[in-house]
Structure formats: structure tokens, C-alpha cells
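Structural characterization, general
Here is what each chain is made of, one letter per residue.
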Amino acid sequence: VQLQASGGGLVQAGGSLRLSCAASVRTFDRYAGGWFRQEPGKEREFVAAIGRATTSVYYADSVKGRFTISRDNAKKTVYLQMDSLKPEDTAVYYCAARSVIMTYTPRSSSEYDYWGRGTLVTVSS
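Figured I'd write up the structure that's included with this text. (Residues numbered from 1 in each chain as written. Predicted model: local features only at pLDDT ≥ 70, side-chain atom pairs only at ≥ 80, totals over all residues. Heavy atoms only, no water.)

**Remarks on the nonpolar core**
Grouped together as the largest cluster of nonpolar side chains are 33 residues, with contacts concentrated most on Trp35, Val47, Phe67, Leu80, Met82 and Tyr93. For Leu80, the contacting residues outside a window of four places in its chain are Leu17, Arg18, Leu19, Trp35, Val47, Ala48, Phe67, Thr68, Ile69 and Tyr93. (Core = buried A, V, L, I, M, F, W, Y, C linked by side-chain atoms within 4.5 Å. Buried < 20%, exposed > 50% of the residue type's maximum accessible area, 1.4 Å probe, protein only. Contact = heavy atoms within 4.5 Å.)

Right, here's the structure in full:
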């Protein structure tokens, strides 16, 4: 499984960006998807995750109410809509995927098997 993340860039505080993560798999509906981010010198942190069911979504407290994760199985893509961006959201964002059973939605980086290369998001103040 290969994941290709895109959509990062430079945006002013208060602005929006949408990240996309396209998967090269035959069928995507068996996979849960997640977004993580990492600042230089810091550990990778959980941002959001979505299970096989679109109702199974989880967010880090720091992004709750501002970010929205979604998926399109036909396009084999997971999205992260980021609104009301803050300078502290600046990081490299990574998408991840894992084949799961039923409604299980992993939220730890160690639980994911496949990773994209990352896309840089820079929020200026």
C-alpha cells in the first residue's frame, strides 16, 4: 500500500487548507485512515482518525472543532479539512492507513502500517 499526501502550503492564521491522502489499493473500504503531524525536534503527534464507518472519527483536543477528517472510498482518499488555522498548527503532516476489522479506529502511530511521505503546512501569524 502506498499513500500520497498532498495539499500542504503556506497560509495566514485564520485561513484554511485541505489535505488529501490517496491510497494505491484495490479497495479502500477495509482501511482506517489517520493524520499525524510532527514539528522539528518533537515527536509525531496524533491529529485525527477515521474508521471504516464515516461516523467513527476522532480528533486531538488541540484541533477539535477546527479540523474535519473525511473519506471517499470511491476515490480511495482520506481528507483533512483544516480551518481557523493557528501558527501552532505548523508542522509536517503525515497520513497513515491500516486494514481494520469492524469499527476499530487506531489513534496511535504505532498502530498504523502504512505511511505517506508528509506534506508541510506553514501557518504565518
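**As for the packing of aromatic side chains**
Here the structure, examined in full by the defined rule, presents 6 aromatic pairs. Aromatic pair Phe28 and Tyr31: ring centres 6.1 Å apart, planes at 10°, arrangement stacked. Exposure class is identical for Phe28 and Tyr31. Each is buried. Judged by centre distance (5.7 Å) and plane angle (70°), the ring pair of Phe36 and Phe46 falls under edge-to-face. Here Phe36, found in strand β4 (residues 31-38), pairs with Phe46, found in strand β5 (residues 45-50); they are 10 residues apart in sequence, far enough to count as distant. The pair Phe36 / Phe46 is uniform in exposure class, with both members buried. An aromatic cluster is defined as three or more aromatic residues linked by ring pairs; in this entry it consists of Phe36, Phe46, Tyr112 and Trp115. Residue placement shows Arg44 over the ring face of Tyr94; its charged tip is 3.8 Å from the ring centre. Above the plane of the ring of Tyr58 lies Arg107, whose end atom (NZ or CZ) is 3.7 Å from the centre. (Phe/Tyr/Trp six-rings, centres within 6.5 Å; stacked < 30°, edge-to-face > 60°. Helix = DSSP H or I, 4+ residues; strand = E, 2+ residues; numbered from the N terminus. Lys NZ or Arg CZ within 6 Å of the ring centre and 35° of its normal.)

**Some points on the state of the cysteines**
Scanning the entire structure with this criterion turns up 1 disulfide. With its sulfur 2.2 Å from that of its partner, Cys21 forms a disulfide with Cys95. Classification of the bridge connecting Cys21 and Cys95 rests on its S-S torsion, roughly 65°, and on that basis the disulfide is right-handed. Of the two residues, Cys21 sits in strand β3 (residues 17-23) while Cys95 sits in strand β9 (residues 91-99), which places them 74 residues apart along the sequence. You can call Cys95 buried: its relative accessible area is 1%. (Disulfide = S-S within 2.5 Å.)

**What to know about the sheet that holds β3**
Taken in spatial order, the 4 strands line up as β1-β3-β8-β7 in an open sheet, and their pairing is antiparallel. Single-partner strands in this sheet number two, and they are β1 (3-6) and β7 (67-72). Averaged over all adjacent pairs, the angle separating strand axes in this sheet is 15°, with direction ignored. With 6 bridges joining them, β3 and strand β8 (residues 77-82) adopt antiparallel strand pairing. Looking at β8, one finds that Leu19 is bridged to Leu80. (Pairing = 2+ DSSP bridges. Axes fitted to C-alpha atoms, helices over the stretch in contact; angles between N-to-C directions.)

**Here we look at unusual backbone geometry**
Unlike most non-glycine residues, Lys76 shows phi in positive territory, near 55°. As for its position among the elements, Lys76 is in the loop between β7 and β8. A residue is classified by how much of its surface remains accessible, and Lys76, at 25% relative accessible area, is partly exposed.

No statement about biological role is implied by the geometric values presented.
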